[in-house]
Amino acid sequence: MTSLSVFGAQWGDEGKGKVIDRLAADYDYIVRYQGGANAGHTVVVGDQTYALHLIPSGILHPGKHNVVAGGVALDPITFLAEVEGLRKRGIAVDHTNLHLSSNAHVIFEHHKRIDALAEVWKGAGRIGTTGRGIGPCYGDKAARIGLRVGDLLDPERCKTRLRAVLAEKNALIEKVHGEQPLDLDEQIQRYHELADRLRPFVCDTGALLRHAHLAGKRILFEGAQGLMLDIDHGTYPFVTSSNTGPGGIPSGTGFPPVWLSESLGIAKAYCTRVGEGPFPTEQDNELGELLRRVGHEFGTTTGRPRRAGWFDALAVRYALAVSGSTSWVMTKLDVLSGLDELQVGVAYRVGTERYEEYPAHLADLGQVEVEYRSFPGWKQDITGARSMGDLPPEARAYIQALGELVEVPVSLVSVGPERSAMLPCQS
Ligand code: GDP
Ligand code: IMO
Ligand code: MG
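For every chain, the first residue of its written sequence is number 1, and the numbers climb from 1 along that sequence. Chain labels run from A onward and ligand labels from 1 onward, assigned in the order the entries are written. This being a predicted model, a pLDDT of at least 70 is required before a residue's local features are given, and a value of 80 or more before pairs of side-chain atoms are given or counted; all residues contribute to the totals for chains, interfaces and linings. Heavy atoms throughout the structure, all of them, feed into the side-chain values; hydrogens and water do not.

A. Fine view of the site of ligand 2. In this text, near means that some heavy atom of the residue lies within 4 Å of the molecule or strand in question. Neighbouring ligand 2 are 21 residues; Lys16, His41, Thr130, Gln225 and Thr240 lie closest to it. Counting of polar contacts relies on pairs of N or O atoms within 3.5 Å, with two restrictions inside protein: one atom must be capable of donating a hydrogen and the other of accepting it, and residues adjacent in sequence are counted only when both atoms are side-chain atoms. Residue Asp13 places a main-chain N or O atom 2.8 Å away from an oxygen atom belonging to ligand 2. Within the backbone of Gln225, an N or O atom sits 2.8 Å from an oxygen atom of ligand 2. Residue exposure ignores everything except the shown protein chains as possible cover, and the areas themselves are Shrake-Rupley values with a 1.4 Å probe. For ligand 2, the protein covers 98% of the area, taking 550 Å² as the surface of the free molecule. Partitioning the shell around ligand 2 into residue classes produces eight nonpolar, 10 polar and three charged. Residues were grouped as follows: Ala, Val, Leu, Ile, Met, Phe, Trp, Tyr, Cys and Pro as nonpolar; Asp, Glu, Lys and Arg as charged; and all remaining residues, including Gly, as polar.

This is the structure in structure tokens:
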């Protein structure tokens with residue numbers, strides 16, 4: 001196996017950063033291929049916590065190649081701030097270990113502005129975006145009016161194209177939303193300066209990855225968000241604007257799909273979601289509050305409280321199937337310690353219909369009633385467990401049952417935020 005694709009199998013924040021950091025030791029290249037600074041991937045190493053938004057979670061391992069590929073929506077301000085932030089903390093980051101695609105679409109100030117204004121415009125129908133300009137940037141990409149990193153590096157081209165685009169965006173900002181337009185010259189100057197600082201990292205990352213593969217290098221693809229937020233396969237329209245699943249890899253990197261080998265899903269032992277949209281197993285009650293508090297369920301990017309609820313076996317089985325995962329990592333099992341009883345969503349009911357398979361065709365999942373199966377909880381703290389034998393029998397039974405319910409075995413269980421809090425598992 002020379003490549004491994006890692007996907008979130010819920011609605012994001014499954015612990016992908018932690019898992020990627022842990023796996024990165026065994027890979028040569030770690031690649032972000034979609035999404036942007038809407039992602040917040042937390043890596044804990046000793047007493048240090050790193051929140052990564054655009055830079056792959058392999059950056060903390062010296063000697064690895066970290067690639068921000070063409071499918072990423074790149075906010076140069078966040079990217080450069082992240083580079084500086086890491087350097088200040090003693091992490092070496094330069095063109096030898098960080099590579100940025102010239103094809104990545106650039107998130108400009110107007111994208112962020114319009115993201116926020118569009119949410120206000122939608123009112124009760126808002127998506128609850130992260131406000132990072134993701135939808136407007138990918139929208140411009142599809143409309144063929146976006147600027148790419150390569151365009152930014154050519155001052156004349158950038159000026160001409162930005163002038164044309166901003167004229168329309170300013171009309172939208174001013175005439176539809178009644179807000180102050182952006183100053184064209186100021187924007188051109190600002191992004192021109194940023195371009196010079198991006199330049200050392202920029203290369204043809206597609207060619208880089210293809211050559212690496214042919215040279216026998218090992219490549220780890222780091223998904224952002226989760227399969228249930230995939231623009232095609234998730235809970236549309238309450239999704240993000242990219243293919244978070246496997247389809248995002250070849251298009252987002254130029255790495256041929258026939259070279260992709262295994263996929264690994266990541267899911268929490270319960271479930272969370274940030275922003276609006278259906279969440280069948282949500283516990284908008286004391287239990288949800290407890291999971292949020294014990295699991296520190298507050299957004300890594302926006303600080304918003306995450307909605308929390310029970311594990312949804314239908315959604316995870318669907319996500320693992322779409323991503324082609326042959327095994328998955330169960331994270332945050334430690335958060336469930338102390339509960340008398342655990343519940344798992346095993347079927348949905350809508351009127352007289354009962355679904356045991358995730359009903360991807362249903363336009364509105366908001367109305368489903370969930371049928372739960374109960375499992376006994378355990379009382380002891382399990383954060384020190386390092387092998388399956390260290391876990392109480394109830395925790396082992398829960399892992400086994402979830403593997404069976406989603407029809408894909410659990411290969412690793414995570415019982416704490418730090419690197420070492422992970423145990424191998426043959427369920
Ligand atoms: P990502 O977006 O999928 O990378 O996940 P986030 O970093 O946004 O959120 C996951 C949070 O859970 C982070 O604060 C992690 O440090 C933390 N975390 C990861 N795995 C575990 C675990 O097994 N147990 C606990 N208690 N926390 C974990
Ligand atoms: P990571 O990689 C959780 C959610 C937002 C919103 C929807 C659309 O850390 O798992 P967007 O800003 O993308 O247009 O927002 O998607 N969302 C995430 N939720 N984790 C993320 O990333 C997310 N990225 C976007 O909350 O509901
Ligand atoms: Mg996150």
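B. Examining the coordination of the magnesium ion (ligand 3) more closely. Asp13 (OD) and Gly40 (O) make up the full set of protein donors to the magnesium ion (ligand 3), lying at 2.0 to 2.2 Å. Here Asp13, found in the loop between strand E1 (3-8) and helix H1 (16-24), pairs with Gly40, found in the loop between strand E2 (29-32) and strand E3 (41-45); they are 27 residues apart in sequence, far enough to count as distant. Just as Asp13 is buried, Gly40 falls in that class too. The donor definition counts N, O and S atoms within 2.8 Å of each metal and applies 3.2 Å to Na, K and Ca; water is not among these atoms, so some sites may look incomplete. To qualify as a helix, a DSSP run of H or I must reach at least 4 residues; to qualify as a strand, a run of E must reach at least 2; elements of each kind are numbered from the N terminus. Relative accessibility under 20% of the residue-type maximum defines a buried residue, over 50% an exposed one, and the middle range a partly exposed one, all with a 1.4 Å probe and only protein chains included.

C. Looking closely at the site of ligand 1. Taken together, 19 residues sit near ligand 1, with Gly15, Lys16, Thr42, Asp334 and Ser414 positioned nearest. Contact distances for ligand 1 include 3.5 Å between an oxygen atom and a backbone N or O atom of Val415. With respect to the pocket detection grid, ligand 1 is positioned in the second largest pocket. Of all elements in the fold, only H1 and E3 reach the threshold of two or more residues within the shell around ligand 1. Here the limits of each domain have been adopted from an automatic or database domain assignment. Three or more residues apiece are contributed to the shell around ligand 1 by two domains, here domain 1 (3-100 + 202-264) and domain 3 (266-424). Here the term cavity refers to a set of points on a 1 Å grid, laid over the protein atoms alone, in which a 1.4 Å probe fits but cannot get out; the term pocket refers to an open set having protein on both sides within 12 Å along at least five of seven lines, with lining residues being those that place an atom within 4 Å of a point. Assignment of a molecule to a cavity or pocket requires that more than half of its atoms lie within 2 Å of the corresponding grid points.

D. Expanded view of unusual backbone geometry. Omega for the bond connecting Tyr236 with Pro237 falls within 30 degrees of zero, at 5°, which places this linkage in the cis form. Tracing the sequence through the fold places Pro237 in the loop between strand E10 (219-222) and helix H9 (248-253). Notably, Lys332 is not glycine yet its phi reads approximately 60°, a positive angle. Along the polypeptide, Lys332 turns up in the loop between strand E15 (325-331) and strand E16 (341-350).

E. Just the packing of aromatic side chains, in detail. Working definition: a ring pair exists when centres of Phe, Tyr or Trp rings (six-membered ring for Trp) sit within 6.5 Å. Plane angles under 30 degrees give stacked, over 60 give edge-to-face, the rest tilted. Enumeration over the complete set of coordinates arrives at 11 aromatic pairs. One aromatic cluster in this structure is built from Tyr33, Phe221, Phe255 and Trp259. Either the NZ atom of lysine or the CZ atom of arginine qualifies as a charge over a ring when it sits within 6 Å of the ring centre and within 35 degrees of the ring normal. We note Arg89 situated over the ring of Tyr50; from NZ or CZ to the ring centre the distance is 4.0 Å. The cationic tip of Arg218 hangs over the ring face of Tyr27; the distance from NZ or CZ to the ring centre is 4.7 Å.

F. Geometry of the environment of Glu282. Among the secondary structure elements, Glu282 is positioned in the loop between strand E12 (271-273) and helix H10 (286-294). C-alpha of Glu282 to C-alpha of Gly309: the two residues are 27 residues apart in sequence and 4.1 Å apart in space. Each residue touching Glu282, except ones within four places of it in the same chain, is listed here: Arg307, Ala308 and Gly309. Here Arg307 takes part through its side chain, which lies 2.9 Å from a polar atom of the side chain of Glu282. Between two residues, a contact is recorded if the distance between any of their heavy atoms is within 4.5 Å.

G. Structural view of the layout of surface pockets. As a volume, the largest pocket reaches approximately 690 Å³. In this structure, the largest pocket is lined by 39 residues; those nearest its centre are Asn38, Thr129, Thr130, Val239 and Thr240. It is helix H3 (residues 109-122) that provides the largest number of residues to the lining of the largest pocket, a total of five residues. Grid points are joined across faces, edges and corners, and a volume is the space filled by probe spheres set on the points. Its boundaries defined by the atoms lining it, the second largest pocket holds a volume of some 570 Å³. Of all elements in the fold, only H1 and E3 reach the threshold of two or more residues within the lining of the second largest pocket. The greatest single-element share of the lining of the second largest pocket, amounting to four residues, is contributed by E3. Split into classes, the residues belonging to the lining of the second largest pocket amount to seven nonpolar, 12 polar and eight charged. For the lining of the second largest pocket, the domains that each give at least three residues are domain 1 (3-100 + 202-264) and domain 3 (266-424).

H. The arrangement of the environment of Phe279 in detail. Note that Phe279 resides in the loop between E12 and H10. Taking C-alpha positions, Phe279 is 26 Å from Val43, a pair spaced 236 residues apart along the chain. Residue contacts for Phe279: discarding those within four places in its chain leaves Trp11, Cys271, Thr272, Arg273, Arg307, Ala308 and Gly309.

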